[in-house]
Every structure is written in C-alpha cells, then in structure tokens.
Amino acid sequence: MGTENPGRPTFPSRPASSPFGAAQPVTPFSSTGPVAGSEPPPYRPTPPAPPQAATPFSSAGPAAARPGAPGFRPAPPGRFSDPSIPPPPRASNAPPPGGPYQQFPAAPFPPTTQQQQRAPMMGQASQAPPFPASLPAQPQMPFVPMGSPPSQSAAPAHLGPNAPPPTFQPTFPGYPSKQAGAEMQAPPMHSNFPANQGNYGPAPPAAASPFLSHQGGYVPSPPMAPPVGMQQPGSVPPMGSVQGLAEDFNALTMQTRPGTMDPLFDPKELPRPLEGDVESKNLADMYPMNCSPRYVRLTTSAVPSSQSLASRWHLPLGAVVCPLAEPPGGEEVPIVNFAPASVVRCRRCRTYVNPYMTFTEAGRKFRCNVCTLLNDVPSEYYAQLDATGKRVDINQRPELTKGTVEFVAPAEYMVRPPMPPVYFFLIDVSISAVRSGMIEVVANTIKSCLDELPGFPRTQIGFATFDSTIHFYNMKSSLTQPQMLVVSDLDDIFIPLPDDLLVNLSESRSVVETFLDSLSTMFQDNVNLESAFGPALKSAFMVMSQLGGKLLIFQNSLPSLGVGRLKLRGDDSRVYGTDKEHGLRLPEDPFYKQMAAEFSKYQISTNVYAFSDKYTDIASLGTLAKYTAGQVYYYPAFQSAIHGEKLRHELRRDLTRETAWEAVMRIRCAKGVRFTTYHGNFMLRSTDLLALPAVDCDKAFAMQLSLEETLLTTQTMYFQVALLYTASCGERRIRVHTMAVPVVTELADIYRLADTGAIVSLLSRLAIEKTLSQKLEDARTAVQLRIVKGLREYRNLYAVQHRLANRMIYPESLKFLMLYGLALCRSTALRGGYGDVPLDERCAAGHIIMTVTIKRLLKLLYPSLIRLDEYLLKASVPADDLKSVERRLPLTGESLDSRGLYIYDDGFRCIIWFGRVISPDIAKNLLGADFAAELSKTTLGEQDNEMSRRLMRVLEKLRNTDRAYYQLSHLVRQGEQPKEGFLLLANLVEDQMGGNSGYAEWMLQISRQVQQS
C-alpha cells in the first residue's frame, strides 16, 4: 500500500515526423494543478526554438524526449524511464486500450537534425537565474478539455507556434475558474506567493506510480487577488497546501486466497491509526489566524460552492465544537476588556470583531467578514492605519491577530447578576447504596475537594439524601453541626427552611465538614430498599431554582416511589429485531424530560452517577443530563474496594475543573450556509441558540451544515462560535472562536481536505440518535452506507483515467475512515442485539459518545494496545524513558504473544493481559504473593521492586494523558474465560468475533459495495 502520486507534466508537442505517428488526434488529459504533494521550483526560461511548421498541437500527441538529449530531464527514481504516451482514445471519455498506464516499447529516434527542430522541453535546464514571481506569465500551452480534439481556434495558425497562447487558470479552492481564452496574458501583479509558486521547473523525485495522470499541458495559475476580508491588504495566504486537484490517492489491491478464487486484502497493508488522532493542519498556512482545531473542527476544511456539489459529498458536512477546550501548548486565551465601551460587533449580523475584519477610510470604518457590511468604528476603538492598511495598534490587539479570544461582557449581556458557583448533592442512601460503599467514597471525595471548588469565596453548597423519604440538611453558619429535616409526604413536596439549605461554603465550612464526616455512618444500619428519586428530584429543583448551578445525583437503585417511579423493563429478547426495539432505549416516563426542561430553564445542569448491579433505567435517568448539558457516569456492580478509585478521580475532576455557568452558545456563518441540526447534550432555545447551564472543557457539540443558496459567490467562508457565560470568578465573558475556510468548486478538494476525526464524531452521534427511533441493525447499516456512498463517489472521480479493477481506492485524508466505521458498529453502543450488551451499559455508552471530544472518541473506538514486558525487563532503559511503550500495536490477536505482557487502554479502562507462558518473575514482581492466584480476585498495587514501579509509571502516564475519565486496571490471564473474552478479545476490532466482521472482511464488503453501480 502506498500513496500514489500520479501527477506528471507533459512536454510540448513534437513535429509531425515523429516516429510515433498516430492515426487520429490524441487529446491530452486536462491538468488542474501541480504534482500533488510538491511545489514546482522557479521558472527557468527556455531558449528560443527555431521556427516549426507544426501547429501548437500536433496530431501525434505529446512529445517524447530521447534520454541523453540536451536539456533532457531524467525521470525521478522509481518512475518510468521513458515518457509514456497514451494511444488514441476509443471515445471521448473511454480509457485507452491496453490500460491507462501502458508503456510503449523503445523505438529508434529521428536523426539529430530532426531533434534540433523539436520544441524545447518544459523545465529544460538553463543557466539564467529564475525569474521573480511578479513577472508577467510566460507563454503557455492552451488548455484543451479532456475527451475532445484540440480546437484550431485555441491558437490560430497564423500566429505561429511562439505566439502567446491564452492562459488557463486551473481549479483553485476559493477562486472562480476562468475559461480558456478568457484573457491572453496575465497582467503584472505583485504577489506574496513563494518565489516558485505556479512556475515551471523539474519536479522533485516522487514515489513510484503505475498511473499516468496530468497528461495534458501543465498550466500554472497567475497570482490571484486576496480573498475578501483578509487582514493584510495586497497579500494572499500561501496556497501550496490547497492548490489544484490532487489526483493522488491510496489504493489496496485485492488478492486471491491461495488455493481458491476467494478475493481478500492483505491484512498487513490495511491502514491503521496507530498514531492516534492527529489534528488537521490543512489550513494552518492558508489562514494562520484561525482558531486551533481543538476548539473547532470541520468534517472537511472546504465548503462546497453549490448545492449540487454538496449533494455529491455523501459523508456528514458539519463541525465539532469544543468551546472550552484546554488551550494548546499551555497557551492562555487572551482576555480583552473594552470597558467602559461595549464589545465591537457588526451591527447587522452581530459578528464579534476578529482578525478577518478589514479596516478602511483611514481606520474610521471596518468591513464585516461575515456579511460584508461596512460599520463605523467606535471612537474609543479608533486607530490610524499604516502604509499597508493595517491598524497601527494591531500588535496590542489580540482580537485582531488571534482566532480565539475572550471578551469581558458589559452589563447589557446580563439579565441578572452573575450567579455564584453552586453545587447541590442528591445522594441515594438506600440499603444497596450503603452496602456498595458508595456513600463513604462520595463523602470523603467531596470533603477532599472543598478547597479546590472554583469560585471561592462565592461558592455555595447543599445536600439532600433520600430512600423512601427525603432528608434535607440545615447548614447555617451559626450551627455547630447540621440539622436533618425529614419530608415523608412524597405527594406534596415542600422545602423546610428554604434559605438555609444552600449555604456559602466559606462561611459554613466547619458545618459542611462535620456533615460529610458523619454521612457514611449516619445510614450504615439503613435497611430501606425503596427509592423516592422523583420527589427528591423535585425538591432539589425547588432548592436550586433561585440561583441555578450543578446538581450531582448519586443513584443506586431503580426509582420505586412517588412521581417518576419506573418499572423493571429490562431487556426483552422478543422485542429485539422488531419495530418496538428502540423503545427500550427511550425514557419510560415523560416526567424526566419535563424536569430536564425545567432544570435548563433555571440554569441547573445535572450530572448522573449511576451505581447498580441491577437494571436502573439509564435511558430514563440519562435524559436529565441530555437536556441540561450534563454527563452520565455509570459504574455497574459498584464495589468501593474495586471501583472506589475510579469514582474518586472522576468526581474530583467533575468538581474541580473550570466550569462555565449559565451559558449560551451560537455559531454564526456567512450568507448562503447555515447549521441545521445540532447533536449533543443541550437544550435548543431557538433555531440556533444552545442553552448550556454548565459547560466545561470535556464537552463537545456537533452540528450539521447545509447550503441555503444554489451557488455561493464568495471565495472564503467564515465561521464564528460565541459562548456567553459566567466565569467562576463572577465575571460575565464571551469566548469567541473564528475560522476561515475556502469555498471550492471541485469534489476532489473536499475529499482532500476532509477530517476523519470530525466525520467519525458526527457519524457516531447520528448513529446513536438513530438507535432512539430505529433498530440497532438499521443504525449500523446507515453508517456503512454513508461510507460506501462516499468512497463510491470518490472512485468515480478516477474511474475514467485509471484502471481500478480489483483495487479499492480512497483519499489519504480518509484512509482510517473504514476502520473507525467498523469500530463504531462494533462499539458497546451499537454492536449485536439482545444478550450482547446489557441495556443500561449500552445506553450509558451512547451518552458518552454524544458528549466526548474527538480525540477521546477515537481512542474509545480504536484503543491502544502496547507491549510492556520488554520495557519492564530492560534495566538499561531509563525508567523515565517511556518512548518504547508508546508504540501501538494493531488490535488483532496476532499482536498478542503468549510470552508477553500487554496493556489495552481505551481511555475509560486499562486491561493488563498476562500471556500464558509469561516469565514467572514478571508476574511475581507485579502481583506479589498472589501471582499464581486467579487474577479476578487480585488487585494491582505497587510492589517494592523496580519492575512494579515501572508499570505504575506507565499507568500514570496513560491516565495523565486525558484526565476526564480514570482508567481502572483489570487483570486477565490468557485462556481465562469468559473474562478474557468479554474484556479483551471481543474488543480486538480487527478480528472476526461471533457474527461481527473482521477488518479484512469489512474492507472486502465495503469494496464490493463501492464497485456496484
């Protein structure tokens, strides 16, 4: 497998007396840009050629050059040693007979005298210095569309072969194409392009390729005018990364199984994302002032210019936004305060000032980059322009140079005074919760985090517990210990002492600590089985509705009393495969959605921590988090001795991470496109306003884009995400992310600039939502169909030029899409049916997919598999040198050696696999005296030896990579069933398992469907 780079400039036409005379005219393929992945070196002038009788296009086709001739440019290593010439086409769009990359046998060349009459070669060596890029364009070959004979009007014969022919501008992302003959010669124009941009010259050595593409004249583009809205007048972004149609693609060749006629792909050639998620840098050079991809990632960094073009892009078109992501490289987001004035915005579309707004009329006006309206610059924001048209204070204005900034919002952005951070804990104290040890872990963790809760000294805190009754706690600062207030009437809930149930933490600190110390023992003898969760939820709402805040629910049993009680629906095998299947994944009682709507209205965000070894109806409870920008944490069969560490870390992260309170988010875009659907945890207030009572750096939101106009006339499309929120310090702020992307007219550009991570994230959310209205099988089929349609459309781009039989082709940008699609279909949320995954676990996995960031999702779908025993045994390798354990292995059983020790990490758990014949010393050093016992009864702890300390260092590094979730370690020995099967083997997504396809079979299936018409 390899990336094929078929771009190859074609030489000028040769005289009619060529030894390769053809019976009919050969039309060169149209060229749309330079060789993919390379930039042409500076133009070298060709010496004047003697007059020829031949017209610019000889009927014999492109010229063949004799090796060793003066000025001959040798072929790059690994390529054909002689230029191949296609035979005459059968029809206007049929490939040449004998294959599109047929080589001609060597033939005797004409005498030297005839060779001297040959036109000079493109890229012919010359001693003259390269011309500057700003000189007028040189004479070029006229462009002839593929499949039609050269028009005699392209270059009239009476002008002679040296007359300047019309210049053709190839497809340029974001720039309209010009027809051949539109202008005779590009006028002189100053440009900030690199000196070699768009000029001829010898191409650098390229990878070997059996394809012959770009057989027509290689035509560069003249320097272009800058896109509207760029900060530096008279300059354009470097277009090297986006220029032209890149006809390079990756391909897998279908082989035949030995001894049979069955086709197959070589598993060793299949692409695998062993480097993890790599953020796209496609636009870093073109638009350096864009926000970081960790804030906003588009499914493709190019907007189709028309609805018809968008309809051919069968993959999701949209964006994934993580508005509060941690800044890259430890950078700080600049904070801009316009006080006493207001924030500078466009008066029509309300876009915030950003680097792509341009200032005119000596700095008195600015043009909005989104709607192009000319606005007055406020007097307090006025600054003069320098000679280049830039503001003289641009270096002191981060909002004019950075794609991400934070504005301090003035009073008009507030409907009430900024709220303090509020944390209210609603804790189940029924017998199952007491026995699991959950209450003790929660109480101790909250107490340890009191000093780290954001917003000191404004932070407010409150508690309520429930079983068959509801218990409130008066924590007024004048008390020495809290007072319990019990409400037993579940039908008529009221709040005793409404002013003292939510207290200022700094004032009532001692009372709060006393309560937390006694909470674990307060209910240790409780034998109550019931759960009045619904009434408790209503009472919590009544306490919090004045301020809003974050409600943390710790639920250990199925709600059984009062409003919102739920039935033991469980998993019904008779329902799977029928039209009623999706009902199991929907909330049973509308009460929970109604409460979620009320919570969102009053700025209350809900996080649900569910612990149970029995059915707890995550489908219903998760609704509270879904509509309030919350999160679901699920701990099946929780036992504090085993799972306590995971709960401790995840609750600590939830309480101490920086949180944006009472937030709303909107994403603006220029006229002609709009975001139509939104996917994630939020409440949609209007058509495009997302209500987020509390949001943090671990939450991501996805949205789909559609074109409203038939044809876009702009060259650049701008997007701006604005998050208005209250910071924990009490300041109202607006975080703004601005991004510019090119508008393109070619489908190949859309594919080339695609972002697999964003596509998979959006595709995953669409699949999860589909399971709420249709069968699991329908959701899996929909994922596969989108991938097949996308690859089929891509294949059609190259079906005419290339022989593609028994080959599966795909763009470099989407080489991992098929594997992630398989992993998604085999994920906990989508795989199998009844009996494959418990219903609660499936619903919890769906909630995780709907909220996580791209990087976390891709690791969940294709986890890391790392061999550890070599690192542990090599004393010569420094313990701090963890590079040797960063090499990931393919997720297949063939990667596992029975003599080795491996760790499988999906970001949510770590599975440590001991091979059957692993060295006893390793097992003894890591597990101590229990090394021979059954591993399910063994816990992993640090032993007093270097090998154990090294393993702990590896685990710590994996956990520190992403702190949102804590990876609990599970130990499994090879052959230990069924534990090995469901913990590890079922998650090796490349292997066939039960009724699930393996990677090679999946690719074969995709390939067959792609080739079907």
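What follows concerns the overall build of the protein. Broken down by element type, the protein carries 20 helices and 32 strands. Pairs at least 24 residues apart make up 77% of the contacts formed inside the protein by residues separated by at least 6 positions.

There is a patch of nonpolar side chains on the surface, built from Met484, Val486 and Met522 and spanning about 240 Å² of accessible area. As for its position among the elements, Met522 is in helix α5 (residues 509-522). The class of Met522 is partly exposed, set by a relative accessible area of 33%.

Here we take up the sheet that holds strand β5 (residues 296-298). Pairing within the open sheet is antiparallel, and its four strands lie in the order β5-β7-β25-β22. Looking at the sheet topology across the chains shown, the edges are occupied by β5 and β22 (673-679). Going across the sheet, the axis of each strand differs from the next one's by a mean of 25 degrees, ignoring polarity. Note: β5 against strand β7 (residues 318-321), three bridges, orientation antiparallel. Across the sheet, the residue bridging to Val296 is Val321, located in β7. Helix α11 (residues 756-770) rests against β5, β7, β22 and β25 (701-707) of the sheet, and its axis sits at about 95 degrees to β25.

Within the structure shown, the criterion is met by 45 salt bridges. Residues Lys815 and Glu812 are paired through a salt bridge, measuring 2.8 Å at the closest nitrogen-oxygen approach. With a relative accessible area of 22%, Lys815 lands in the partly exposed category. The class of Glu812 is partly exposed, set by a relative accessible area of 33%. Across the pair Lys859 and Asp905 runs a salt bridge, and its minimum N-O distance is 2.6 Å. Of this pair, Lys859 sits in helix α15 (residues 854-861) while Asp905 sits in strand β30 (residues 901-905), and the two are 46 residues apart along the sequence. The exposure class of Asp905 is buried, given its relative accessible area of 1%. Overlapping salt bridges bring together Glu326, Lys550, Arg653, Asp654, Arg657, Asp696, Asp698, Lys699, Arg856 and Asp962 as one network.

The next thing to look at is unusual backbone geometry. For the peptide bond that leads from Phe456 to Pro457, omega is 5 degrees, which places it in the cis range. Its place among the elements puts Pro457 in the loop between α4 (438-449) and β14 (460-466). Residue Pro978 is bonded to the preceding Gln977 through a cis peptide linkage, with omega at 0 degrees. Along the chain, Pro978 falls in the loop between β32 (968-973) and α19 (979-983).

Spatially, the four strands line up as an open sheet ordered β29-β30-β31-β32, and their pairing is mixed. Whereas interior strands pair on both sides, the edge strands pair on one side only; in this sheet they are β29 (864-867) and β32. Within the sheet, the average angular offset between the axes of one strand and its neighbour, ignoring direction, is 20 degrees. The sheet contact formed by β30 and strand β31 (residues 909-914) spans five bridges and is antiparallel. When the bridges of β31 are listed, Tyr904 appears paired with Ile911. Helix-sheet contacts for helix α17 (residues 920-927) involve β30, β31 and β32, and the interaxial angle to β31 is about 140 degrees.

Locating Arg887 in the fold gives a position in the loop between α16 (869-873) and β30. The exposure class assigned to Arg887 is exposed, which follows from its relative accessible area of 57%. C-alpha separation for the pair Arg887 and Leu865, spaced 22 residues apart in sequence, amounts to 8.5 Å. In this structure Arg887 touches Leu865 and Ile866, once residues within four positions along its chain are discounted.

Before going further, it helps to examine the packing of aromatic side chains. Scanning all chains against the criterion turns up 29 aromatic pairs. Judged by centre distance (5.1 Å) and plane angle (75 degrees), the ring pair of Phe611 and Phe638 falls under edge-to-face. Residue Phe611 is located in strand β19 (residues 604-612), and its partner Phe638 is located in the loop between β20 (631-636) and α9 (640-656); the two are separated by 27 residues in the primary sequence. Members of the aromatic cluster, each reached through a chain of ring pairs, are Phe554, Tyr609, Phe611, Tyr633, Tyr635, Phe638, Phe908 and Tyr965. For the cation-ring pair, Arg345 lies above Tyr352, with the distance from its terminal atom to the ring centre recorded as 4.1 Å. The ring of Phe359 is capped by Arg391, whose NZ or CZ atom sits 4.8 Å from the centre of that ring.

Here we come to the side chain of Gln784. Considering the arrangement of structural elements, one finds Gln784 in helix α12 (residues 776-798). Discounting chain neighbours no more than four positions away, the residues touching Gln784 are Trp1002, Gln1005, Ile1006 and Gln1009.

Among the five residues of strand β15 (residues 470-474), five are classified as buried, and the element is accordingly described as predominantly covered. Every second residue of β15 is oriented toward a common face, with Ile470, Phe472 and Asn474 on one face and His471 and Tyr473 on the other, all of them buried. The pairing of β14 with β15 spans three bridges and is classified as antiparallel. Paired with Thr465 across the strands is His471, a residue of β15.

Before going further, it helps to spend a moment on the packing of helix α13 (residues 817-825) against helix α20 (residues 999-1011). In contact at an axis separation of 10 Å, α13 and α20 are set at 110 degrees when each is read in the N-to-C sense. Our classification of the angle between α13 and α20 gives roughly perpendicular. In the crossing of α13 with α20, the sense of the turn from one axis to the other is right-handed. Residues Met818, Leu819, Gly821, Leu822 and Cys825 of α13 touch α20, and the partners they reach there are Tyr999, Trp1002 and Met1003. A breakdown of the residues in the contact of α13 with α20 according to their chemical character gives seven nonpolar, one polar and no charged.

With that settled, consider α12. Across its 23 residues, α12 extends 35 Å between first and last C-alpha, which sits within 8% of the 33 Å expected from 1.5 Å per residue. Burial in α12 covers these residues: Leu776, Ala779, Val783, Gln784, Ile787, Val788, Gly790, Leu791, Glu793, Tyr794, Arg795 and Tyr798.

Take the environment of Gly835 next. Relative to the assigned elements, Gly835 resides in the loop between α13 and α14 (839-849). Measuring from C-alpha to C-alpha, the distance between Gly835 and Ser573 comes to 7.9 Å, with 262 residues separating the pair along the chain.

Turning our attention to the packing of α11 against α15. Between α11 and α15, whose axes approach to 10 Å, the crossing angle comes to 75 degrees. Between α11 and α15, the angle is such that the two are roughly perpendicular. Judged by residue contacts, Gly757, Ala758, Val760, Ser761 and Ser764 of α11 engage Ile854, Leu857, Leu858 and Leu861 from α15. The class makeup of the residues in the contact of α11 with α15 is six nonpolar, three polar and no charged.

Criteria and cut-off values
Residues numbered from 1 in each chain as written. Predicted model: local features only at pLDDT ≥ 70, side-chain atom pairs only at ≥ 80, totals over all residues. Heavy atoms only, no water. Helix = DSSP H or I, 4+ residues; strand = E, 2+ residues; numbered from the N terminus. Contact = heavy atoms within 4.5 Å. Patch = residues over 30% accessible without salt bridge, like charges linked within 9 Å, V, L, I, M, F, W, Y side chains within 5 Å. Areas by Shrake-Rupley, 256 points an atom, 1.4 Å probe, with all protein chains shown as cover. Salt bridge = Lys/Arg side-chain N within 4 Å of Asp/Glu carboxyl O. Buried < 20%, exposed > 50% of the residue type's maximum accessible area, 1.4 Å probe, protein only. Pairing = 2+ DSSP bridges. Axes fitted to C-alpha atoms, helices over the stretch in contact; angles between N-to-C directions. Phe/Tyr/Trp six-rings, centres within 6.5 Å; stacked < 30°, edge-to-face > 60°. Lys NZ or Arg CZ within 6 Å of the ring centre and 35° of its normal. Parallel < 35°, antiparallel > 145°, perpendicular 65-115°, else oblique. Left-handed = near helix turned anticlockwise from the far one by under 90°. Nonpolar A, V, L, I, M, F, W, Y, C, P; charged D, E, K, R; others polar. Expected span 1.5 Å × (residues − 1).

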